[in-house]
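# Inside the fold
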Amino acid sequence: MTEPTPSHVVIAGGGVAALETLMALRDLAGDRVTITLIAPETTFTYRPMKVVEPFYLGHAQEYQLADIANDHGARFIHDSVAEVEPQQKVVRCGSGAHVPYDHLVVATGAKAVPAFREALTFGADPAERRLHGLLADLEQGYVKSVAFVVPGESVWTLPLYEIALMTARHAWSMGMERVQFTLVTTEERPLAMFGRPASEAVGEMLSAEGIEFVGSSYPSVGRGYVVADPQGRRIDADRVISLPALVGRQHTGVPCDDAGFIPVDPHGRVPRLRDVYAAGDGTNFPIKQGGLATQQADAVAETIAAAVGADVEPAPFRPVLRGLLLTGGDDRYLRHTIAGGGGEGEVEGRTLWWPPTKIAGRYISGYLFERDEGRAVEEIRGGHIEIDLPLDAHATAGHS
């Protein structure tokens, strides 16, 4: 008997969701699939670490997508996705090339755009370089007030808390004791999505650094001020730092909502399109975060693996929110089962998952950690990471 022909899986995207799908699928489906990764960029940047670069506390590592694809037996195509032709099961690329597929995963992410003209938008170049200038202005006494603003469209706020805490600590360390810091957000409590214990702990951290928290507010920004609605409070500020708004990357042939995000079911399947899936920030799940993107990707990979005959029982996406809050000092690990049934959440000064990375993913975390550290991660079991191992298990394995 002849061996069955492997199914061809095309993964569109070069971010967290795309790479987690690639790694999970190779582990779960093995030789039952051939995989092609298509991305308009040649490198994967570990963007969560961008937040510490202005403070010289680290940097965002870059990885070659071709190398990652090769490590997992996949082909890499440096190109963009222009259109999906679901009837013909073909992806048309920006170069004009046509790539056929048996299964397609759209993981092209979302586009970050400035929410306010008069604010420095972190996460949109050259915003990071401008933040260096803000720190210099603080040191030289040119800036006496800074407002950190979460736009109404933002659904992942943790990076702004990191920027606020590290900026305040930087100012105090330079002897700038009369600077006014304000954080304005739509959240009722600080980082409310992580549950009450984490929210209270983060609130105490803000207070300790002299950062006023203004919650339940939808801000607008003018030149030198912020208006926090519906209260209508005006907050004068020499500098305003904002998170970006996110919009979906619309692809012809793939359905999306009014904001450009792709609707999916709990297994990542795109309605009305056979063998088409989506994962990550480009989907209509409201919280856009790397760890959640990996969980969506795992659900997609399990569904495809089962479809090609692997002995896998696909589990639906059940979001568990994990976040490492970097502060330049007493960092905090936060975890909350936002799907329900996980209690009020956890907050610790020690790791709540392994490896202790910003993006907590079953496959990508271990892969990148091993590459960066240059050593095998003992918690890798069958090619994936048990990210919720008890900490005493780490100790017995020789981890501190």
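Model, not experiment: these values are computed from the prediction. (Residues numbered from 1 in each chain as written. Predicted model: local features only at pLDDT ≥ 70, side-chain atom pairs only at ≥ 80, totals over all residues. Heavy atoms only, no water.)

## Let's talk about the packing of aromatic side chains
- Tallied over the entire structure, the rule returns seven aromatic pairs.
- Taking 5.2 Å as the distance between ring centres and 75 degrees as the angle between the ring planes, the aromatic pair formed by tyrosine 333 and tryptophan 353 counts as edge-to-face. Of this pair, tyrosine 333 sits in strand 22 (residues 332-336) while tryptophan 353 sits in the loop between strand 23 (346-348) and helix 7 (364-373); the two residues are 20 residues apart in sequence, bridging distant segments of the chain. Both residues of the pair, tyrosine 333 and tryptophan 353, belong to the buried class.
- The cationic tip of arginine 234 hangs over the ring face of tyrosine 225; the distance from NZ or CZ to the ring centre is 4.1 Å. (Phe/Tyr/Trp six-rings, centres within 6.5 Å; stacked < 30°, edge-to-face > 60°. Helix = DSSP H or I, 4+ residues; strand = E, 2+ residues; numbered from the N terminus. Buried < 20%, exposed > 50% of the residue type's maximum accessible area, 1.4 Å probe, protein only. Lys NZ or Arg CZ within 6 Å of the ring centre and 35° of its normal.)

## Examining the state of the cysteines
- Under the definition given, this model contains zero disulfides.
- The structure places no disulfide on cysteine 93, whose sulfur is separated from the nearest cysteine sulfur, that of cysteine 256, by 19 Å.
- Assessed through its relative accessible area of 32%, cysteine 256 is described here as partly exposed. (Disulfide = S-S within 2.5 Å.)

## Some words on the environment of tyrosine 161
- Within the secondary structure, tyrosine 161 sits in helix 4 (residues 158-173).
- Its relative accessible area of 0% is what places tyrosine 161 among the buried residues.
- Among all residues touching tyrosine 161, those that are not within four sequence positions of it are Leu183, Thr185, Glu187, Arg189, Pro190, Leu191, Val202, Leu206, Phe213 and Leu325.
- Side-chain polar atoms of tyrosine 161 contact the side chain of glutamate 187, separated by 2.8 Å. (Contact = heavy atoms within 4.5 Å. Polar contact = N/O pair within 3.5 Å; in protein donor to acceptor, adjacent residues only side chain to side chain.)

## Some points on helix 4
- With 16 residues, helix 4 ought to run about 22 Å at 1.5 Å a step, and its terminal C-alpha atoms sit 23 Å apart, in line with that.
- The buried count for helix 4 comes to 13 of 16 residues, which makes it a mostly enclosed element.
- Where helix 4 terminates, the next one or two residues include glycine 175, which has phi positive at roughly 80 degrees. (Expected span 1.5 Å × (residues − 1).)

## Overview of the pattern of salt bridges
- Scanning the model with the defined rule gives 16 salt bridges in all.
- In this structure, aspartate 275 and lysine 89 form a salt bridge, with 2.7 Å as the shortest nitrogen-oxygen distance. Here the residue aspartate 275 occupies a position in the loop between strand 19 (245-248) and strand 20 (276-278), and lysine 89 occupies one in the loop between strand 6 (81-85) and strand 7 (90-93), the gap between them amounting to 186 residues.
- The salt bridge partner of aspartate 137 is arginine 239, with a shortest N-O separation of 2.7 Å. Here the residue aspartate 137 occupies a position in helix 3 (residues 127-139), and arginine 239 occupies one in strand 18 (residues 239-242), the gap between them amounting to 102 residues.
- Assessed through its relative accessible area of 33%, arginine 239 is described here as partly exposed.
- Each of Arg169, Glu209, Asp330 and Arg332 takes part in salt bridges that share partners, so that together they form one network. (Salt bridge = Lys/Arg side-chain N within 4 Å of Asp/Glu carboxyl O.)

## What to know about the sheet that holds strand 21 (residues 321-325)
- Judged by pairing direction, the sheet is antiparallel, and its three strands sit side by side in the order 21-22-23 without closing on themselves. Unpaired on one side and paired on the other, strand 21 and strand 23 mark the two borders of the sheet. Across the sheet, the mean angle from the axis of one strand to that of its neighbour is 15 degrees, orientation sign disregarded.
- Pairing of strand 21 with strand 22, which is carried by five bridges, proceeds in the antiparallel orientation. Bridge pairing in strand 22 links glycine 323 to leucine 334.
- Sheet strands touched by helix 5 (residues 196-208): strand 21, strand 22 and strand 23. Its angle to strand 23, the strand with the most contacts, is close to 40 degrees. (Pairing = 2+ DSSP bridges. Axes fitted to C-alpha atoms, helices over the stretch in contact; angles between N-to-C directions.)

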